[in-house]
Amino acid sequence: MTDVARAYDDLIAAGTLQADAAQAHVIPEFARIAADLAEKPKRGFFSKAPPPPRGLYLWGGVGRGKSMLMDLFVDHLGGIPARRVHFHAFMQEIHAAMHVARQRGVDDAIAPVAADVVKTVKVLAFDEMQITDITDAMIVGRLFQALFDGGVVVVTTSNRVPDDLYKDGLNRQLFLPFIDLIKDRMVVHELASPTDYRQDRLAGSPVYFTPLGAEARAQMNTLWRDLSQGAAEPLVLQIKARAVEIPQFRNGVGRASFFDLCAKPLGPGDYLAIAEAVKVLMIDDIPQLSRSNFNEARRFVTLIDALYEARVRLICSAAARPEMLYIEGEGTFEFERTASRLREMQSAGWAQDNSG
Ligand SMILES: Nc1ncnc2c1ncn2[C@@H]1O[C@H](COP(=O)(O)OP(=O)(O)OP(=O)(O)O)[C@@H](O)[C@H]1O
Ligand SMILES: [Mg+2]
């Protein structure tokens, strides 16, 4: 039995994870890759190194355990150099490195940038592969070809089947070879578990903490630890020429303070991008809103609308319950809708199926 299979069984036996047939079905795929990579290459003097194993494209609905399984795989690879990175963050690094290479006068920047990646890792584990941006769509084909040619094994999680990547995107025909490449170099596997474990973890748990103070903060921290499961990193969203940052992000869960999101001059486009990027958003320290912080309040309304439309799970700490958050000043009437949405977003059935 490989380490990843044993680790999964141990977590089930310890009661940390619930037994799940669909998850158990994925383990052999990860085990196959780990075993293949661990095998010492039987390399004769004249024979070439064996081809690297096919990677894994693990897709399915939200909260099914894709990221959890991938993390378990990465954590049990022994000494094999692996990197687990959010797909979006990786692509930003690639664009930045290509920019530097071009400034040095390199014409074909993909090749040297991919070569640098190949030098440092054997396994790339991407969380949340999705392609929405034309600048990503136009380079991933050649980039991944170079990574595969360099012997890198790619595993990835996604909410979409490969054929739906960059769906309806501009110039999509130029992107199609990438889909063929994925199918060729990776095993495509659907994690068809019936259970949304993220939803399960939140079921019965309050998600709106008021008043502000040590207790609310402690409850927010507990939920964050439970949901994020590992070291968080900032997630930087590039929106046209601007960068908008969610200070902490991990496994689809973002955490930011009201100040981070609403005290800066962000607009509807920024909030839409934030809502697209997270499945759960935790907002700390929503203050009492009034005439004195009208601009912050107005942005907060826009943010909640974006989160509501995208059916994001919201967890927050606030100075008052929704109906009492904004009771005087211009816009109190409009805020009634926000309060009602805040209330609805706390219900157990909220965002039950937001896998789209
Ligand atoms: N078998 C299980 N038993 C208990 N908890 C589980 C199980 N599988 C996953 N979880 C937990 O459920 C939560 C969601 O899992 P995970 O983040 O891996 O889902 P996901 O498939 O990656 O979702 P998304 O597509 O939204 O990123 C995590 O907190 C994870 O630890
Ligand atoms: Mg995930």
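Being a predicted model, the structure only gives us computed values, none of them experimental.

Draft legend 1. Broad picture of the overall build of the protein chain. A count of helical and extended segments in the protein chain gives 14 helices and eleven strands. In summary, the protein chain has a C-alpha radius of gyration of 22 Å against a globular reference of 21 Å for 356 residues, a match within 12%. Oriented by its inertia axes, the alpha-carbon framework of the protein chain measures out at about 80 × 55 × 35 Å. Considering only contacts within the protein chain whose residues lie at least 6 apart along the sequence, 77% involve residues at least 24 apart. Put simply, the protein chain shows about 17200 Å² of open surface, and 54% of that area lies on carbon and sulfur atoms. Counting 40 positive and 45 negative side-chain charges, the protein chain places the averaged centre of each group 3 Å from the other.

Draft legend 2. Here's a closer look at the side chain of Asp-136. The residue Asp-136 is located in helix α6 (residues 134–137) in this model. No salt bridge is formed by the buried Asp-136; its nearest oppositely charged neighbour, Arg-102, is found at 10 Å. If we ignore the near neighbours within four places in the chain, the residues touching Asp-136 are Met-91, His-95 and Ile-131.

Draft legend 3. Inspection of the sheet that holds strand β1 (residues 55–59) at higher detail. In space, the five strands of this open sheet follow the order β2-β3-β4-β1-β5, with parallel pairing throughout. In the strand order of this sheet, the two ends are held by β2 (82–86) and β5 (186–190), each with one partner. On average, each strand axis in the sheet is inclined to that of its neighbour by 15°, with strand direction left out of account. For strand β3 (residues 123–127) and strand β4 (residues 153–158), the ladder comprises four bridges, and the chain directions are parallel. Bridge pairing in β4 links Ala-125 to Val-155. Taken strand by strand, helix α4 (residues 87–103) contacts β2 and β3, and its axis lies near 100° from that of β2.

Draft legend 4. Structural view of the packing of helix α1 (residues 3–13) against helix α3 (residues 66–75). The interhelical angle for the contact between α1 and α3, taken along N-to-C directions, is 130°, at an axis separation of 9 Å. When the axis of α1 is compared with that of α3, the two are oblique. The handedness of the crossing between α1 and α3 is right-handed. Along its contact with α1, which presents Val-4, Ala-7, Tyr-8 and Leu-11, the element α3 presents Met-68, Leu-69, Leu-72 and Phe-73. Here the residues of the contact of α1 with α3 sort into eight nonpolar, no polar and no charged.

Draft legend 5. Just a nonpolar patch on the surface, in detail. A grouping of Ile-134, Met-138, Leu-170 and Leu-174 is seen on the molecular surface, where their side chains present a nonpolar patch of about 360 Å² in accessible area. Here Met-138 is to be found in the loop between α6 and α7 (140–149).

Draft legend 6. Region of interest: the site of ligand 1. Contacts to ligand 1 come from 19 residues, most closely from Gly-63, Lys-66, Ser-67, Met-68 and Asn-159. A distance of 2.9 Å separates a nitrogen atom of ligand 1 from a polar atom in the side chain of Gln-23. In this structure, an oxygen atom belonging to ligand 1 sits 2.8 Å away from a side-chain N or O atom of Asn-159. Computed on the free molecule, ligand 1 has an accessible area of 640 Å², of which 98% lies beneath the protein chains in the complex.

Draft legend 7. Region of the structure containing the packing of α7 against helix α8 (residues 176–185). Across the interface, α7 lies against α8 with an axial gap of 9 Å and an inter-helix angle of 25°. By the criterion of interaxial angle, the relationship of α7 to α8 is roughly parallel. Judged by the twist between their axes, the crossing of α7 over α8 is left-handed. The segment α7 lies against α8, with Val-140, Gly-141, Phe-144, Gln-145 and Phe-148 engaging Phe-178, Leu-181 and Arg-185. Across the contact of α7 with α8, the residue classes break down as five nonpolar, two polar and one charged.

Draft legend 8. Structural view of the pattern of salt bridges. With the rule as written, the count across this model stands at 21 salt bridges. The residue Lys-119 makes a salt bridge to Asp-116 at a minimum N-O spacing of 3.2 Å. With Lys-119 and Asp-116 both in helix α5 (residues 110–120), this residue pair falls three residues apart, about one helical turn. You can call Lys-119 exposed: its relative accessible area is 66%. On the accessibility criterion, Asp-116 (47% relative accessible area) is partly exposed.

Draft legend 9. Seen up close, the packing of aromatic side chains. Per the stated rule, a full pass over the model turns up 13 aromatic pairs. For the pair Phe-175 and Phe-178, a centre-to-centre distance of 5.4 Å together with 55° between the ring planes defines the contact as tilted. Relative accessible area serves as the criterion here: at 2%, Phe-178 is assigned to the buried category. Relative to Phe-300, the ring of Phe-258 lies with its centre 5.7 Å away and its plane at 55°, an arrangement referred to as tilted. Taken together, the residues Phe-258 in helix α11 (residues 258–262) and Phe-300 in helix α13 (residues 294–309) connect sequence positions 42 residues apart. Phe-300 carries the same exposure label as Phe-258, and that label is buried. The aromatic ring of Trp-350 is capped on one face by Arg-311, whose charged end is 4.3 Å from the ring centroid. Here the basic side chain of Arg-341 rests over the ring of Tyr-308, its NZ or CZ set 4.0 Å away from the ring centre.

Draft legend 10. Representation of helix α2 (residues 21–38) in the model. The end-to-end C-alpha distance of α2, which contains 18 residues, comes to 26 Å, matching closely the 26 Å that a straight helix rising 1.5 Å per residue would cover. All buried positions along α2 are accounted for by Ala-22, Gln-23, Val-26, Ile-27, Glu-29, Phe-30, Ala-31, Ile-33, Ala-34 and Leu-37. A side-chain oxygen of the first residue of α2 lies 2.9 Å from the backbone nitrogen of Ala-22; this N-cap is Asp-20.

Draft legend 11. Just the sheet that holds strand β10 (residues 280–286), in detail. The strand order β6-β11-β10-β9-β8-β7 describes an open sheet built from six strands, whose pairing is mixed. The open sheet has two edge strands with one neighbour each: β6 (208–209) and β7 (233–239). Set on the sheet, helix α10 (residues 214–228) makes contact with β6, β8 (242–250), β9 (253–257), β10 and β11 (313–318); between it and β10 the angle comes to about 165°.

Calculation notes
Residues numbered from 1 in each chain as written. Chains lettered and ligands numbered in written order. Predicted model: local features only at pLDDT ≥ 70, side-chain atom pairs only at ≥ 80, totals over all residues. Heavy atoms only, no water. Helix = DSSP H or I, 4+ residues; strand = E, 2+ residues; numbered from the N terminus. Rg over C-alpha atoms; globule rule 2.2 N^0.38 Å. Contact = heavy atoms within 4.5 Å. Areas by Shrake-Rupley, 256 points an atom, 1.4 Å probe, with all protein chains shown as cover. Lys, Arg positive; Asp, Glu negative; His and termini not counted. Charge placed at Lys NZ, Arg CZ, Asp CG, Glu CD. Buried < 20%, exposed > 50% of the residue type's maximum accessible area, 1.4 Å probe, protein only. Salt bridge = Lys/Arg side-chain N within 4 Å of Asp/Glu carboxyl O. Pairing = 2+ DSSP bridges. Axes fitted to C-alpha atoms, helices over the stretch in contact; angles between N-to-C directions. Parallel < 35°, antiparallel > 145°, perpendicular 65-115°, else oblique. Left-handed = near helix turned anticlockwise from the far one by under 90°. Nonpolar A, V, L, I, M, F, W, Y, C, P; charged D, E, K, R; others polar. Patch = residues over 30% accessible without salt bridge, like charges linked within 9 Å, V, L, I, M, F, W, Y side chains within 5 Å. Near = heavy atom within 4 Å. Polar contact = N/O pair within 3.5 Å; in protein donor to acceptor, adjacent residues only side chain to side chain. Phe/Tyr/Trp six-rings, centres within 6.5 Å; stacked < 30°, edge-to-face > 60°. Lys NZ or Arg CZ within 6 Å of the ring centre and 35° of its normal. Expected span 1.5 Å × (residues − 1).

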